[in-house]
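If you want the building blocks of each chain, they are given just below.
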Amino acid sequence: HVVATLKYQDSDLQSLFIKGKYLAVFGNYYNAGFFQETGFRPISGLTFFNIYDLSDPSTPKLVKEYKFEGNYFNARMKGDFAYFVVRSTPEVRPLPMPIIFEGTVRRSIPIGDVYFYDVPYRNPQFVTVHAIDLADPDGLISSKTIAVEYSQNLYMSENNIYITYTEWIQEWELRQEIANSLLSDRISDTDKAIIEKIKSADNDILSQYEKQQKISNIYNSYFSLLPQKEQDELNDRIEELLEAKMKELGYLEYTVINKIAVDNGEISVEENGKVPGQIINQ
């Protein structure tokens, strides 16, 4: 029978964990008053993680109240530790690292705990894993952030968390790269200088996609001025090189796998790799 009820407002409850006498309830958080009080406006949303003492089940006592920048992605528990995973978009601000609130006390994840790989990112996203000790809610938590593309699946084994996303290689982008390369000796020095300016622009001002579009527009304008015979010959050469490139790549779709080790609340970012194909589910 029901012995107590917890009521939530401005929240999207996701799930809960129970460990011994402690109950953890978590989900997404939307309280505008909290944002005004703290002066923090989360572009990527905010999640909450509340821990209650159930020594007296009829009167759950709130003993810890965390809020994490990002939207809820997934959560797992092993032993005494809950691993709470959120997703956020990197923001342009003095401290771009994800924010943590303990009550109303605000801090950032240390820059040394934010990881990325030497791979081309189109639309980077932060995935942050927070380890929370449910046997000792007053104990410190540990957190690690990894830059990924839009993450799609999470799987946890005995000692590791795997976060995956799909990487697509666009055929039209390959074609445009080849066309630009073949036209590079036909454009003026002025336009070459403009292209270098576009390439050097801060990614916060122009995304990689926007840069590609602007650069391609310059090359395409030269292509359109060519006599029809030269356009046809150039198109034939582009198709020939594109076919060779496609054979070289073998696949246009890959699953990227990020491996994160966990051990009694300690989190370490381990490996990154990819395999052909798309993950069906976790």
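Residues numbered from 1 in each chain as written. Predicted model: local features only at pLDDT ≥ 70, side-chain atom pairs only at ≥ 80, totals over all residues. Heavy atoms only, no water.

Draft legend 1. Representation of the overall build of the protein. Of regular secondary structure, the protein possesses five helices and 15 strands. For 282 residues, the compact-globule estimate of 2.2 N^0.38 gives 19 Å, and the protein exceeds it by more than 25% at 25 Å. By its C-alpha atoms, the protein is 85 × 40 × 35 Å across when sized along the principal axes. Within the protein, residue pairs in contact and separated by at least 24 positions form 61% of the contacts whose partners lie at least 6 positions apart. Of the roughly 16,000 Å² of accessible surface on the protein, a fraction of 50% belongs to carbon and sulfur atoms. Taken together, the 28 basic and 41 acidic charged side chains of the protein have centroids lying 2 Å from each other. (Helix = DSSP H or I, 4+ residues; strand = E, 2+ residues; numbered from the N terminus. Rg over C-alpha atoms; globule rule 2.2 N^0.38 Å. Contact = heavy atoms within 4.5 Å. Areas by Shrake-Rupley, 256 points an atom, 1.4 Å probe, with all protein chains shown as cover. Lys, Arg positive; Asp, Glu negative; His and termini not counted. Charge placed at Lys NZ, Arg CZ, Asp CG, Glu CD.)

Draft legend 2. Representation of the side chain of Ser44 in the model. Counting through the fold element by element, Ser44 comes out in the loop between α1 (32–38) and β3 (46–53). Of note is the side chain of Ser44, whose polar atom sits 2.8 Å from the backbone nitrogen of Thr89. When residues no more than four places from it in sequence are discounted, the contact partners of Ser44 are Gly70, Asn71, Arg87, Ser88, Thr89 and Glu91. (Polar contact = N/O pair within 3.5 Å; in protein donor to acceptor, adjacent residues only side chain to side chain.)

Draft legend 3. Layout of the sheet that holds strand β8 (residues 105–108). Pairing is antiparallel across the open sheet formed by six strands, whose spatial order is β1-β2-β3-β4-β7-β8. Every other strand in the sheet has two partners, leaving β1 (11–19) and β8 as the edge strands with one partner each. Direction aside, neighbouring strands of the sheet carry axes that sit 20° apart on average. In this structure, strand β7 (residues 99–102) lies alongside β8, joined through four bridges in antiparallel fashion. Opposite Ile99, over in β8, you have Ser108 as the bridge partner. (Pairing = 2+ DSSP bridges. Axes fitted to C-alpha atoms, helices over the stretch in contact; angles between N-to-C directions.)

Draft legend 4. Structural context of the sheet that holds strand β15 (residues 266–276). Judged by pairing direction, the sheet is antiparallel, and its four strands sit side by side in the order β12-β13-β14-β15 without closing on themselves. With partners counted over all chains shown, the strands left at the sheet margins are β12 (153–156) and β15, one partner each. When the angles between neighbouring strand axes are averaged without regard to direction, this sheet yields 20°.

Draft legend 5. Representation of helix α5 (residues 228–249). Taking 1.5 Å per residue, 22 residues should reach 32 Å; α5 reaches 31 Å between its end C-alpha atoms and fits that length. Buried positions along α5 lie against α2 (171–183) and α4 (208–224). Looking one or two residues past α5, Gly250 carries a phi angle of roughly 85°, positive in sign. (Expected span 1.5 Å × (residues − 1).)

Draft legend 6. Quick peek at the pattern of salt bridges. Counting across every chain of the model gives 13 salt bridges. Close ionic contact of Arg237 with Glu240 constitutes a salt bridge, the shortest N to O distance being 2.9 Å. With a gap of three residues between them, Arg237 and Glu240 both fall in helix α5, about one helical turn apart. Linking Glu243 and Lys247 is a salt bridge whose minimum nitrogen-to-oxygen distance equals 3.8 Å. (Salt bridge = Lys/Arg side-chain N within 4 Å of Asp/Glu carboxyl O.)

Draft legend 7. Region of the structure containing the environment of Ile178. With respect to the element layout, Ile178 can be found in helix α2. In this structure, the C-alpha to C-alpha distance between Ile178 and Leu226, residues 48 residues apart in sequence, is 17 Å. What Ile178 contacts, discounting residues up to four positions off in sequence, is Ile238, Leu241 and Leu242.

Draft legend 8. Fine view of the packing of aromatic side chains. Counted under the stated rule, the structure contains 17 aromatic pairs. Residues Phe26 and Phe84 carry aromatic rings whose centres are separated by 5.3 Å and whose planes lie at 65° to one another, so their mutual orientation is edge-to-face. Taken together, the residues span a long stretch of sequence, with Phe26 in strand β2 (residues 22–29) and Phe84 in strand β6 (residues 81–88) at a distance of 58 residues. Under the relative-accessibility criterion, Phe26 is labelled buried at 1%. Between the aromatic rings of Tyr29 and Phe35, the centroid separation amounts to 6.5 Å while the plane-to-plane angle is 90°, which identifies the pairing as edge-to-face. Assigned by exposure class, Tyr29 and Phe35 land together as buried. Three or more aromatic residues joined by ring pairs make a cluster, and in this case those are Tyr8, Tyr29, Phe34, Phe35, Phe40, Phe48 and Phe101. One residue, Lys67, lies across the ring of Phe34, its end atom 4.8 Å from the ring centre. (Phe/Tyr/Trp six-rings, centres within 6.5 Å; stacked < 30°, edge-to-face > 60°. Buried < 20%, exposed > 50% of the residue type's maximum accessible area, 1.4 Å probe, protein only. Lys NZ or Arg CZ within 6 Å of the ring centre and 35° of its normal.)

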